[in-house]
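# Residue-level structure breakdown
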Protein chains: 2
Amino acid sequence: MAQQVPLDFLGDLRRTHSCGALRAANEGQRVVLMGWVYRRRDLGGVIFIHLRDREGVTQIVFRAECDGALHGKAEMLRSEYVIAVEGLVEARTAENINPNIPTGEVEIVAEKMWMLNTSETPPFPMEEHVDVNEDMRLKYRYVDLRRPHMQRNVMLRSKISLEVRNELSGQGFLEIETPFMTKSTPEGARDFLVPSRIQPGNFYALPQSPQIFKQLLMISGYDKYFQIVRCFRDEDLRADRQYEFTQIDLEMSFPQEEQIFQTIEPLLEKVCAVAGYTVKAPFPRMTYAEAMQGYGIDKPDLRLPRFWPVEDLFPADAGLTREGLPLVAIHIPSTGALSRKERDELKDYGRERGLTVYDDPKRLERDFPGVVEKVRERTGAGENDLLLLAGWRDEPKGQRPEETVYQACGQLRLYAGQKYNDRHKLLDPTDFRFLWVLDFPMFEWNDEDERWVAAHHPFTSPKDEDLGKLTTDPARCRARSYDIVLNGVELGSGSIRIHRQDIQSQVFSAVGFSLEEAQARFGYLLDALTYGAPPHGGIALGLDRLVMILAGESSIREVIPFPKTAKGTDLMSEAPAPASERQLRELGIQLRRPQS
Amino acid sequence: MAQQVPLDFLGDLRRTHSCGALRAANEGQRVVLMGWVYRRRDLGGVIFIHLRDREGVTQIVFRAECDGALHGKAEMLRSEYVIAVEGLVEARTAENINPNIPTGEVEIVAEKMWMLNTSETPPFPMEEHVDVNEDMRLKYRYVDLRRPHMQRNVMLRSKISLEVRNELSGQGFLEIETPFMTKSTPEGARDFLVPSRIQPGNFYALPQSPQIFKQLLMISGYDKYFQIVRCFRDEDLRADRQYEFTQIDLEMSFPQEEQIFQTIEPLLEKVCAVAGYTVKAPFPRMTYAEAMQGYGIDKPDLRLPRFWPVEDLFPADAGLTREGLPLVAIHIPSTGALSRKERDELKDYGRERGLTVYDDPKRLERDFPGVVEKVRERTGAGENDLLLLAGWRDEPKGQRPEETVYQACGQLRLYAGQKYNDRHKLLDPTDFRFLWVLDFPMFEWNDEDERWVAAHHPFTSPKDEDLGKLTTDPARCRARSYDIVLNGVELGSGSIRIHRQDIQSQVFSAVGFSLEEAQARFGYLLDALTYGAPPHGGIALGLDRLVMILAGESSIREVIPFPKTAKGTDLMSEAPAPASERQLRELGIQLRRPQS
């Protein structure tokens, strides 16, 4: 229960400084600060307040000898009360200087104080490193957002967005807004629908991305488009996914892949600089095929060394892996010797994924003299490093069995790397290793529907030299698509698009759309391609993920001011909520009865 | 039907210049341009192409003596084909210089040409001043967006948005994103609803504005927030309204009205400069009461002079207006003498709104000698100006009958001003007259519901000195709200908010919410106000309207790339559209049967 405290009007009072501004050079000045009571100490009748705002903290002193009314008012102050203070800046004596805060050389001797608002006791402490139940944090998000790490994250995000806009504008990109009430295109993720009131029975969809609109803008001749834009996907939520997320979305005309890279690399250099980190372009590049063969994944984390196929170093009848399938050497640096238990865990982990794991180089050396040295040569693994070999002795699995083996090895590599990261900090979160992955497959086989589906999206151009394979050999048709990867996270994805209607129709047909289906879903794009569409391509980067990584966080909820829970609930406002019967009637819809 | 034209791959070819870049100084350079065929002329075997991109137009020449294959290819070119051209920059001879285009001193002598795409004949001409049916324009928006005025508008909008962001960031504002999937608050306009799939029977609402979120951000201590943000209202559409529109939304802590003005005025100065216009702050200010008494409207167009009450200049028994109601002198400069028919039209227009209009100064002078000179003195109306007097002889009407008279006079003033603007250009669209209107009434009486409703919104603070009138005299309670008005258009609206829970509860109660209703709708805001809410206030400006006015357009559809029709249809993609039965089932909703 809050105490009864008479409140003051702000009136014409103005701040002279923020709570982070004052230094020794301000000594003797009369100042007015406003903010929140952060900490309060009483020492022999003297009341010390740490007053906080977005910019920092300043110490306010209510001396014992100040006037009684003022002192009495100061005695009423509690955590998170909002006040304005007028007073004189005094230098602190040497022994009282607080080196932990930038304003620590001074304090304000209060002469007047305005009580602007009181506060209930906050539901959890404002301190930096206090763990609080996330549901509590989300319910009282307005309090949570005051905590230092959330303030840093929100401010960093704001700075990054501004930097992105200025850099892209400097490169000649125009920010152009696209609609949020669009047409549902039931391909890819599930759409959120918005019922129309004046066209009952009809629905808008919230866009999963501005993909088609940005292609139309290229067809309209805008040449370089970008937008920092909200996108919507009705998918189940997890740490790096929310119903609504923000993309840095861009598209350009007449580009090669190279020009996309030359746009994004300086952008990411500048964004990292905003966060206080230096990265240097050009970023390394590898094809999808190389990524699979070295990392077993399409988003390699370059902070760990690649793995190597080593079956050629062993006798053909070694039996460590099935004939025709790779034997892979995985190497994690500087782990030191692992215990038997630790090594068994790794073997179990591999076995669950179909791998046979050889964890004992001595035994391999005994069975195949001289080979371990050659493996160490190829992989660069030293005596103090973990060296695992992994083979596949079961039936081959999947459409490209060697890829199945690589993928399992990729998982084992990351598992071992992350596990021993705890002990050896191999995976430094401030070591930013950007990477381009290129030439993804054009199609993926969908077992359920028994058809090829677009690996990226159906507007992606095949490589010029693979055009002939579109319908004759879809499995070997490569796309002009590329991902930008950061430390094992896919940060963004893009492609050179199809700008010719004949090729677009072929691709729709390759993914199993009849002419009618293609026309019903994307007719306006197909039409637009016949009115002078230029070659074009683009990319979209996940802003939430980018800020998350640069802020050193492991969930995008830490960089989104008002996120939703895993069930899609806003715990603060209690959305979603039932609609009134009148609202539903106006929209021409009604709830289904639960099935009995 | 498009002709069969073999297309070329772009390959590694890169542009060296845009189509707006080349000047006489580039003579002799080898260049590569890419763009659209805008115009084509054939003169004695020489083919001239105007090649167009976003930056401009450059003339390409295919000489008769160039190689036959190239010339043959050039002969295939039609309007809106997409090509790349390599050639040499040549200076034009003096008589061939085209002063109408910035590249008019040069032309490119083509040596190679790549046919990148063909085009059907566009559905309407690309020319500047051709009137095209708006439905056609919207259906083929990707073609329409190529037309010069749309290119200018979209680029201007992009530049204005960037300027807004840099100016506000420079002033210490943080851009912070707020959610689009929020809680429905059935107050004000109708919400768009979004059904939840994993919480069937529950709905999100698209936000009408980020109002509550930005207040929460102030409570969280972010101090200065802004966002260029989409908002959604399910209202019937018209020229200056779309379902989705974009706001420049901002909020600050510890402000007086003055600080809001000092934020917005330099912002608008800079935005106008981006559009090529000079405006000077400070902008004039008037109270709502003054606006009504001088203009009969809360968004005065200052390009026309104010009107004046003149009942005091006449004898008490003059009978020109009902006792106690104003007699108003309306003055439109430099109209010259109007015909009898024109004057009768004005009288009819006034009569339909309840006014008795006196259009003949000579007759007034005869009936009331000497008075017309006094009226001319007060209004400043000269002999060549239109001078009308208007009174109200019927029963008084409305809660504040004098306001009813002023409003009718305000309509007559605008009608006369706009009508004779056609002849005399009084209303210069590039004469930007910004104006602040202050101190709006806190409440408006709603006849239908028989209750007071918030005139701005229920989070608006009453003026400190009117706090006591909240429940005792709501009709005379003024709000700390303000509008920014430009040439008769309300460009933005804002207020100092309520930051104290006790006052917020009183206001909710004054607008007829029970404690339970207030808690159910806005409980989280009421809660937040108890955790140290600082004084705060803000404003939101309509970006669409702002760009519309600065672009010299009269509909916001001219500055929105992909707008909807009056029925809310996207004619290009044909949204909204029916949803599949499966989508509806997943969302737990079904269509209502049409009522029989």
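Residues numbered from 1 in each chain as written. Chains lettered and ligands numbered in written order. Predicted model: local features only at pLDDT ≥ 70, side-chain atom pairs only at ≥ 80, totals over all residues. Heavy atoms only, no water.

## Describing the interface of chain A and chain B
Taken residue by residue, the interface counts 132 residues in chain A and 132 residues in chain B. For the pair chain A and chain B, the summed buried surface comes to about 11,900 Å²; carbon and sulfur atoms form 56% of the total. At the surface where chain A touches chain B, the tally comes to 16 salt bridges. Two residues, Glu586(A) and Arg190(B), come together in a salt bridge whose shortest N-O distance is 3.0 Å. Applying the counting criterion to the chain A and chain B interface returns 84 residue pairs in polar contact (both at pLDDT 80 or more). Here the side of chain A that touches chain B gets 10 residues from one element, more than from any other, and that element is helix H4 (residues 148-170) of chain A. (Contact = heavy atoms within 4.5 Å. Buried area = accessible area lost by both parts, 1.4 Å probe. Salt bridge = Lys/Arg side-chain N within 4 Å of Asp/Glu carboxyl O. Polar contact = N/O pair within 3.5 Å; in protein donor to acceptor, adjacent residues only side chain to side chain. Helix = DSSP H or I, 4+ residues; strand = E, 2+ residues; numbered from the N terminus.)

## Details of the UniProt feature "binding site: ATP" (unreviewed entry) in chain A
Residues and elements named next belong to chain A. UniProt's feature table lists "binding site: ATP" (unreviewed entry) at Arg233, Asp234, Glu235, Gln242, Glu490, Gly542, Leu543, Asp544 and Arg545, given in the numbering used throughout. Summarising the element assignment, Glu490 is placed in strand E20 (residues 489-496). On the basis of relative accessibility, which here comes to 29%, the residue Glu490 falls in the partly exposed class. Among all residues touching Glu490, those that are not within four sequence positions of it are Lys299, Asp483, Ile484 and Arg545. Relative to the helices and strands, Gly542 is located in strand E21 (residues 536-542). (UniProt positions renumbered as here; feature names shortened; annotations may be inferred. Buried < 20%, exposed > 50% of the residue type's maximum accessible area, 1.4 Å probe, protein only.)

## Quick notes on the nonpolar core
Core analysis: the biggest nonpolar cluster contains 50 residues, and Tyr142(A), Leu216(B), Leu217(B), Tyr222(B), Phe443(B) and Leu470(B) have the highest contact counts within it. Mapped by element, the contributors of at least two residues to this core are helix H3 (141-144) and H4 of chain A together with helix H5 (211-219), strand E18 (451-454), helix H13 (501-510) and helix H14 (515-528) of chain B. With near-sequence residues (within four places) excluded, Tyr142(A) lies in contact with Met572(A), Leu216(B), Ile219(B), Ser220(B), Tyr524(B), Asp527(B), Ala528(B) and Tyr531(B). (Core = buried A, V, L, I, M, F, W, Y, C linked by side-chain atoms within 4.5 Å.)

## Overview of the pattern of salt bridges
Tallied over the full model, the rule gives 109 salt bridges over all chains. Two residues, Arg197(B) and Asp234(A), come together in a salt bridge whose shortest N-O distance is 3.0 Å. Of the two residues, Arg197(B) sits in the loop between strand E7 (193-195) and strand E8 (202-205) while Asp234(A) sits in the loop between strand E9 (224-232) and strand E10 (244-253), which places them in two different chains. The pair Arg197(B) / Asp234(A) is uniform in exposure class, with both members buried.

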